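# Results of the structural survey
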There are 2 protein chains.
Amino acid sequence: MKKISLKDIAEQLEVSKTTVSFVLNGKAKENHISESLTQKILKYVEEVGYVPNQLARGLRTGETKVIGVLVEDISDPFFSSIARRIEEEANSKGYKIVYCSTENNADKTKELLEVYKSRQVDGFIIAPPPGIEKEIQALQKSNLPVVLFDRYFPEVATDTVVVENQRSSYNATNHLLHNGYKQIAFITLASEQVQMQDRLQGYKEAMEEQHLAHYIQKIPFDLKPKKITKEIQAFLEQHPNIDAVFFATNYLADSGLEAIQNLGLEMPADIGVVVFDDEKLFRLFRPPITAIAQPIKEIAKSIVSLLLDKLTGAAKKNDYKKVELSTTLYERASSVPVLAASR
Amino acid sequence: MKKISLKDIAEQLEVSKTTVSFVLNGKAKENHISESLTQKILKYVEEVGYVPNQLARGLRTGETKVIGVLVEDISDPFFSSIARRIEEEANSKGYKIVYCSTENNADKTKELLEVYKSRQVDGFIIAPPPGIEKEIQALQKSNLPVVLFDRYFPEVATDTVVVENQRSSYNATNHLLHNGYKQIAFITLASEQVQMQDRLQGYKEAMEEQHLAHYIQKIPFDLKPKKITKEIQAFLEQHPNIDAVFFATNYLADSGLEAIQNLGLEMPADIGVVVFDDEKLFRLFRPPITAIAQPIKEIAKSIVSLLLDKLTGAAKKNDYKKVELSTTLYERASSVPVLAASR
DNA sequence: TAAGTATACTAAATCGATTTAGCAAGCATT
DNA sequence: AATGCTTGCTAAATCGATTTAGTATACTTA
């Protein structure tokens, strides 16, 4: 059962490849192919179940209908759920996805970009690691649309989708403050990336408004979960006066919660907890974990819509948009002491 | 900055495309290209940063070095972590991944297979939904290697990677029995898929050995989490004598744990809990949730290794292997009542 | 010295589509 | 009767690689 090609069809029906191609691309009318021949071709194509070779088509047209998606780690629940939605959105518009994990590593990312370019993807969706500013600009110069998400490069004009990191973080910190916590630690990544900086800023702003001291721990990027747990545990031991912790991203919380358990601290009485990023099980935890939920579906929708605007030409090449979506703070028991009201 | 092609290089250096191609493919020696010319070409190629167009190459050679991965849902932690590892393994062997979510829907899957075939992927990795037996066979007939995982079709010979579902389930049920639970419910999907059937079998076997009655609830496949919670809650209310629950897959547990909370039942005293599939936070739950962990990394390795054996010709075309990996039961507090020892 | 064989390289076919340019027949118009 | 416009269709170029089947020269060897 060899694959059947345009040529085969043309030969079988004793017409030219051109004619078949016109018919299949809906250009029969404008090229004066008779209705009867058009039908005959369509019928035959249907019968033999012909599917065009997309490599050949892509080679000729330069369009592959494939979008490259680069995320930090596809096994991270935030990224995998975004990926799922992007897939859904893109599929519905006739695009396919190829994805990979950057591990937040610039060199790996650069390689991946090369690979994808050589595969002629039509556009890119990227949660960029630091250090690929130039590559992003190069892509845009060579007319390959790019949408960044989760973070971006302030100095590079791009289409971008992020959440209101600073404001969300500010609000969450205030939530802790309103519930009586004062010695609030902010546990984040040792990263200059804009989303982490914004989250940090929000925390600082809220603390400074109350003239409270900061407790900031920066965890190196590539530590294993166990090591992260150790680090956080050590930090909390060094600062026994800390009465609340704000985890700046999901997987720090996963390790941090373990550290808290190891130390025998009780939420929310001994320690209040808020996490940036919601996880499915946070709601069921005991106590349930207060979390900032990012609007996954909206993020994905905005990303794909920005990219498609560029791909279809609906948006001008040098006209970049930054979409900033708001988050939802789910106030759960981990940050709401029973006595809060009376404090 | 237009893209540079083989032809451009050939013209610049005043040699033929053939020569350049030979050099780039490491076939200089065997085609008697002089060392000096070889070096000159390599140097120039490096200089201009030429990267071959993979579409053209794929069209000509029929090899794209791309593997299609179809999972049920990329946002499911089990599948996303498998995907991550597959990506890692495949990348290290020079292959790229294109993936998508089947939603366990046969029609969607069939479409996706067509799309991927038209993009000339070299092979497939599939967690198959029911009803695509014929398509799998067709792929194999047209010489496209396929590896199934998580489940398979007993009547179709394929390379397959699964875990010891029945035995794992049997052991986990026995674990509950040894800890004094007797009215054990098995909450599973209304699915004929082999992995679910095997898990059910393992449960039944253990229960029957003790001459105990079954409590089996089958949840329809496409329910939303909230609906699943309701269903499970209703089931537990109807059978108040149930003293333990075995969830046959991860997302049933996510909903089931909520049902248990809603009913005010305490683990492990009121109800013992075991889950097929471990999740990151199960260890940190209160009480920690006993779970059967699948060996993600090994599964991914086996999958890729089976597929590569077929792709490289190391394994014969009609020589199919079934790899069955063992799981680990993490016995945590959700299924180990404090009094268990004395019962 | 003729035949054989390395050496160094290339022309052209090929993969499977799309697309440009154009042919041929029929009809209307002047 | 010559010109122009439709209509209906096709030949051939093209995208950018790989690969087959050469060619031309130089060097052995009998």
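Counting restarts for each chain, with residues numbered from 1 along the sequence as it is written. Note on labels: chains are lettered from A, ligands numbered from 1, in written order. Owing to the predicted nature of the model, reporting of local features is limited to residues with pLDDT of at least 70; listing and counting of side-chain atom pairs is limited to 80 or more, with chain, interface and lining totals taken over all residues. As a convention, hydrogens and water are excluded, and side-chain values are obtained from all of the structure's heavy atoms.

Let's shift gears to the packing of aromatic side chains. Pairing of aromatic rings covers Phe, Tyr and Trp, the last through its six-membered ring, and needs centres within 6.5 Å; plane angles under 30 degrees mean stacked, over 60 mean edge-to-face, and all others mean tilted. In the structure shown here, the tally under the stated rule is 12 aromatic pairs over all chains. Ring geometry for F186(A) versus Y203(A): centroids 4.9 Å apart, planes at 20°, classification stacked. Within this pair, whereas F186(A) is found in strand β6 (residues 184-189), its partner Y203(A) is found in helix α9 (residues 194-209), the two being separated by 17 residues in sequence. Exposure class is identical for F186(A) and Y203(A). Each is buried. Taken together, the ring pairs connect F78(A), F79(A) and F149(A) into an aromatic cluster. When the NZ atom of lysine or the CZ atom of arginine is within 6 Å of a ring's centre and also within 35 degrees of its normal, the charge is said to sit over that ring. Here R199(B) stacks its cationic end above the ring of F276(B), 3.7 Å away from the centre of that ring. Here a helix means four or more residues in a row that DSSP labels H or I, a strand means two or more in a row labelled E, and each is numbered from the N terminus. Burial classes: relative accessible area under 20% of the type maximum marks a residue as buried, over 50% as exposed, and values in between as partly exposed (1.4 Å probe, protein chains only).

When the parts of a complex come together, some accessible area is lost, and that lost area is often used as the size of the interface. Note on contacts: a residue pair is in contact if any heavy atoms of the two residues lie within 4.5 Å. If you look at the interface, chain A gives 54 residues, while chain B gives 54 residues. Using a 1.4 Å probe, buried area is obtained as the accessible area two parts lose upon being combined, added over both of them. A buried area of about 5,100 Å², summed over both sides, lies between chain A and chain B, and 56% of it is on carbon and sulfur atoms. In the sections that follow, a salt bridge refers to a side-chain nitrogen of Lys or Arg positioned within 4 Å of a carboxyl oxygen of Asp or Glu. A salt bridge links R84(A) to D73(B); the shortest N-O distance between them is 2.7 Å. The set of elements that each furnish at least two residues to the side of chain A that touches chain B consists of α4 (54-61), α5 (77-92), β2 (96-101), α6 (106-118) and α11 (250-262) of chain A. Per element, the largest residue contribution to the side of chain A that touches chain B is 7 residues, and it comes from α5(A).

Glancing now at the protein's contact with DNA strand C. In this text, near means that some heavy atom of the residue lies within 4 Å of the molecule or strand in question. In the vicinity of DNA strand C there are 28 residues, among which L6(A), Y50(A), R60(A), T18(B) and T19(B) approach most closely. In protein, a polar contact means a hydrogen-donor-capable atom and an acceptor-capable atom, both N or O and within 3.5 Å, with residues adjacent in sequence counting only if both atoms are side-chain atoms; elsewhere, any N or O pair within 3.5 Å suffices. For DNA strand C, a phosphate oxygen lies 2.5 Å from a polar atom in the side chain of T19(B). The set of elements that each furnish at least two residues to the surface near DNA strand C consists of α2 (17-24) and α4 of chain A together with α2 (17-24) and α4 (54-61) of chain B. In terms of residue count, α4(A) provides more of the surface near DNA strand C than any other element does, 5 residues in total.

It is worth spelling out the nonpolar core at this point. Nine residue types can take part in a nonpolar core, namely buried Ala, Val, Leu, Ile, Met, Phe, Trp, Tyr and Cys, and a core is a set of them joined through side-chain atoms within 4.5 Å. Counting residues in each nonpolar core, the largest one holds 148 residues, and the members touching the most others are I86(A), F149(A), F247(A), I86(B), F149(B) and F247(B). Contacts of F149(B), omitting those with residues within four sequence positions, involve V71(B), F79(B), I82(B), I125(B), I126(B), A127(B), P128(B), V161(B) and I303(B). By size, the runner-up hydrophobic cluster in this structure holds 44 residues, among which are L70(A), V146(B), F153(B) and V194(B).

Superposition of the copies used a least-squares fit over C-alpha atoms from residues whose pLDDT is at least 70 in both. You can overlay chain A on chain B at an RMSD of 0.1 Å; the transform is a turn of 180° with a shift of 0.1 Å along its axis. What the rotation and shift describe, once combined, is the action of a two-fold rotation axis. Measuring from the rotation axis to each C-alpha of chain A, the shortest distance belongs to V98(A), at 2.4 Å. In this assembly, 100% of the residues forming the interface of chain A have copies in chain B that are likewise at the interface, indicating an isologous arrangement.

Moving on: the side chain of D254(A). On the secondary structure map, D254(A) appears in helix α11. Leave out the neighbours within four places in its chain, and D254(A) touches E279(A), F282(A), K280(B), L281(B) and L284(B).

Here we come to the domain arrangement of chain A. Residues and elements named next belong to chain A. Domain extents, as shown, originate in an automatic or database domain assignment. Under the domain assignment used here, chain A contains domain 1 (6-52), domain 2 (64-163 + 296-325) and domain 3 (165-294 + 329-342). Centre-to-centre separation of domain 2 and domain 3, based on C-alpha positions: 29 Å. Listed by partner, the interface residues are 16 residues for domain 2 and 13 residues for domain 3. A combined buried area of about 1,100 Å² lies between domain 2 and domain 3, and 49% of that area is made up of carbon and sulfur atoms. At the junction of domain 2 with domain 3, the criterion picks out 0 salt bridges. The interface formed by domain 2 and domain 3 contains 4 residue pairs in polar contact (both at pLDDT 80 or more). Looking at the side of domain 2 that touches domain 3, the elements that each hand over two or more residues are α5 and α12 (296-312). Only Asp, Glu, Lys and Arg are considered charged, only Ala, Val, Leu, Ile, Met, Phe, Trp, Tyr, Cys and Pro nonpolar, and every remaining residue, Gly among them, polar. Residue classes in the side of domain 2 that touches domain 3 are distributed as 10 nonpolar, 1 polar and 5 charged.

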